[in-house]
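# Coordinate analysis (summary)
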Amino acid sequence: MSTPGGGELSATLRRIERSAGALATSSVARMDETLPWFRALPADQRSWVMLVAQAGARSLVQWLREGGGTADSTQEVSDEVFAAAPQALARSITLQQTVALIKVTIDVVEEQVSHLAAEGEEQQLREAVLRFSREIAFSAARVYARAAESRGAWDARLQALLVDALLRGDSPDVLASRAAALGWADAPPVAVAVGRSPGGEVSAVLHVVYRQARRIGVEVIGGVHGDRLVIVLGGAPDPLTATAKLLSAFGDGPVVVGPAVPSLDEATESARAALSGFRAAPAWPSAPRPVPAADLLPERALAGDAEARRRLRHDVYATLVRAGGELLATLDAFLAAGGTLESAARALFVHPNTVRYRLRRIAEVTGFSPLSPRDAFALQVALTVGRLDPVAPLASPVPTQTMTPATRKSAQTEDDPRRSL
């Protein structure tokens, strides 16, 4: 029906050129009438849509002139149709909404075919408009795909910067500004998980993380730092359980979860603990996966983590000293006896029931049970750290070797509600 240059449709093309402005105006009026969401758009965005509609009418003319109207043509519509509007419009109007706008515009053009087409060219113009609508839809899809890729790359960069800021311990203001740019809702609690990256493209690694996070309904921000995959979780009632559902996103090896904190502003504390635990985790080969950073306190302390040493010193050793009741001496004797209760009782000159009671008290005040091999190890490290790094002079327990017979008798019944048998 045409040759390059418009040939058989030259008269029709001239009519379309003269009517381009009226077509755009009619299209926007129809959008306002039939699309409720379009009426709610700000005035500047509506004006951008008008510009795109005018560019579309001009593009139709150009497309027909270049032979796009023929049935066997492979001519594509230029993506410059959408260049009339800023990229921000692609973030305000979804692809589905854009398709609706295109449909309204094409409907208006089809209704005007009898006025736009020269005599005898109506059917040719209708067919050309149908092919043009297909091409303009493909062009819109390309524009949105590029916008999504650009946005995805920018988001990935922002997330990497946010994770890096967490690991460096940057100020809360820096964290808040970057999180806001990512649309982070900061749903409490927030926790950081660290494990080995499975390798490969960073985008592919993070895609797996985000897909699984959506499935379990938690917020995540992820980043790959060297061979480590760092994930910030938000809105998970139990971060450890949530991390267990994301394990397939990590590579082999330990996965450590930092303590839960109320908001992203305080997540640096969780990140530090998780990183420290990840570095120390190889010292506990049988650790569960994932493992809380708090469960790795003894390994972290041995690896030089000052915060782990402080917690063991204050929360365990100092607590035992303050509790009194010969708890520290009993723990020393029990550990020295290799966890044998009767041997510890003989060393302390007390009944085994007294030792049992004191061991229960130790578990109550410290959270670590001497009867558990793992907890006994943590208690042993806490005693060592507490004696190496005393905060202040602490009362030392009376050595059992210097006890008088009267003291030994008193110790036998001390703190034991059932007395010695």
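Residues numbered from 1 in each chain as written. Predicted model: local features only at pLDDT ≥ 70, side-chain atom pairs only at ≥ 80, totals over all residues. Heavy atoms only, no water.

You'll find the protein entered in an unreviewed UniProt entry as PucR C-terminal helix-turn-helix domain-containing protein, with Micromonospora saelicesensis given as the organism.

Turning our eyes to something else, we now look at the overall build of the protein. When helices and strands are counted, the protein shows 18 helices and five strands. Of the roughly 20600 Å² of accessible surface on the protein, 54% is carried by carbon and sulfur atoms. (Helix = DSSP H or I, 4+ residues; strand = E, 2+ residues; numbered from the N terminus. Areas by Shrake-Rupley, 256 points an atom, 1.4 Å probe, with all protein chains shown as cover.)

For the rest of this paragraph, the subject is the nonpolar core. Leu312, Val316, Leu320, Leu331, Val355, Ile362 and Leu383 are the most contacted members of the largest nonpolar core, which has 30 residues in total. Only α12 (297-302), α13 (306-323), α14 (327-336), α15 (341-348), α16 (352-366) and α17 (373-388) provide two or more residues apiece to this core. Sort the elements by how many residues they give to this core and α17 lands first, with seven residues. Residues contacting Val355, with those up to four places away along its chain left out, are Thr330, Leu341, Ala344, Ala345, Leu348 and Val350. (Core = buried A, V, L, I, M, F, W, Y, C linked by side-chain atoms within 4.5 Å. Buried < 20%, exposed > 50% of the residue type's maximum accessible area, 1.4 Å probe, protein only. Contact = heavy atoms within 4.5 Å.)

What follows covers the environment of Ala185. Its place among the elements puts Ala185 in the loop between α8 (172-181) and β1 (190-196). Residues Ala185 and Glu219, spaced 34 residues apart in sequence, show a C-alpha to C-alpha distance of 7.9 Å.

Note that the residue after Pro188, namely Pro189, is joined by a cis bond; omega there is -10 degrees. Here Pro189 lies in the loop between α8 and β1. Positive phi values are uncommon outside glycine, yet Phe349 reaches one of about 60 degrees. One can find Phe349 in the loop between α15 and α16. Of the residues examined, Phe349 reaches a relative accessible area of 37% and is grouped as partly exposed.

Within the secondary structure, Ser276 is located in helix α11 (residues 267-280). The class for Ser276 is buried, based on a relative accessible area of 7%. Ignoring sequence-local partners within four residues, the contact set of Ser276 consists of Arg300 and Asp305.

Right, let's get into the sheet that holds β1. A sheet is described by the order of its strands in space; here five strands give the open sequence β2-β3-β1-β4-β5, paired in mixed fashion. Strands with a single pairing partner mark the edges of an open sheet, and in this sheet they are β2 (219-225) and β5 (291-292). This element, α11, spans β1, β3 (228-234) and β4 (255-257) of the sheet and lies at about 25 degrees to β1. (Pairing = 2+ DSSP bridges. Axes fitted to C-alpha atoms, helices over the stretch in contact; angles between N-to-C directions.)

This paragraph deals with the confidence of the model for the protein. Looking at the protein, the pLDDT average stands at 80 and 77% of residues meet or exceed 70. With pLDDT under 50 throughout, residues 392-421 is counted as low confidence; its partners more than four residues away or in other chains account for 41 contacts. (pLDDT = per-residue confidence, 0-100.)

A large share of β2 lies buried, amounting to six of its seven residues. Where β2 meets β3, seven bridges bridge the pair, whose relative direction is antiparallel. Along β3, the bridge assignment pairs His225 with Arg228. Linking two consecutive strands that pair antiparallel, namely β2 and β3, is a turn of two residues; a positive phi of about 65 degrees is found at Gly226 within it.

Before going further, it helps to examine the packing of aromatic side chains. Per the counting criterion, the structure on display carries one aromatic pair. Centroid distance Trp37 to Phe38: 6.3 Å. Interplanar angle 85 degrees. Geometry classified as edge-to-face. Overall, the relative accessible area of 24% leaves Trp37 in the partly exposed class. Judged by its relative accessible area of 0%, Phe38 falls in the buried class. Across the ring face of Trp284, the terminal group of Arg374 is positioned such that the distance to the ring centre comes to 3.5 Å. (Phe/Tyr/Trp six-rings, centres within 6.5 Å; stacked < 30°, edge-to-face > 60°. Lys NZ or Arg CZ within 6 Å of the ring centre and 35° of its normal.)

Further remarks concern the pattern of salt bridges. Under the definition given, this model contains 12 salt bridges. Glu307 is the partner of Arg310 in a salt bridge, and the nearest nitrogen-oxygen pair spans 3.0 Å. Residue Arg310 and its partner Glu307 are both found in helix α13; the two are separated by three residues, about one turn of the helix. We classify Glu307 as partly exposed; its relative accessible area is 36%. Of the charged contacts, one joins Asp332 and Arg387 as a salt bridge, the two residues approaching to 2.5 Å between their closest N and O atoms. Taken together, the residues span a long stretch of sequence, with Asp332 in helix α14 and Arg387 in helix α17 at a distance of 55 residues. (Salt bridge = Lys/Arg side-chain N within 4 Å of Asp/Glu carboxyl O.)

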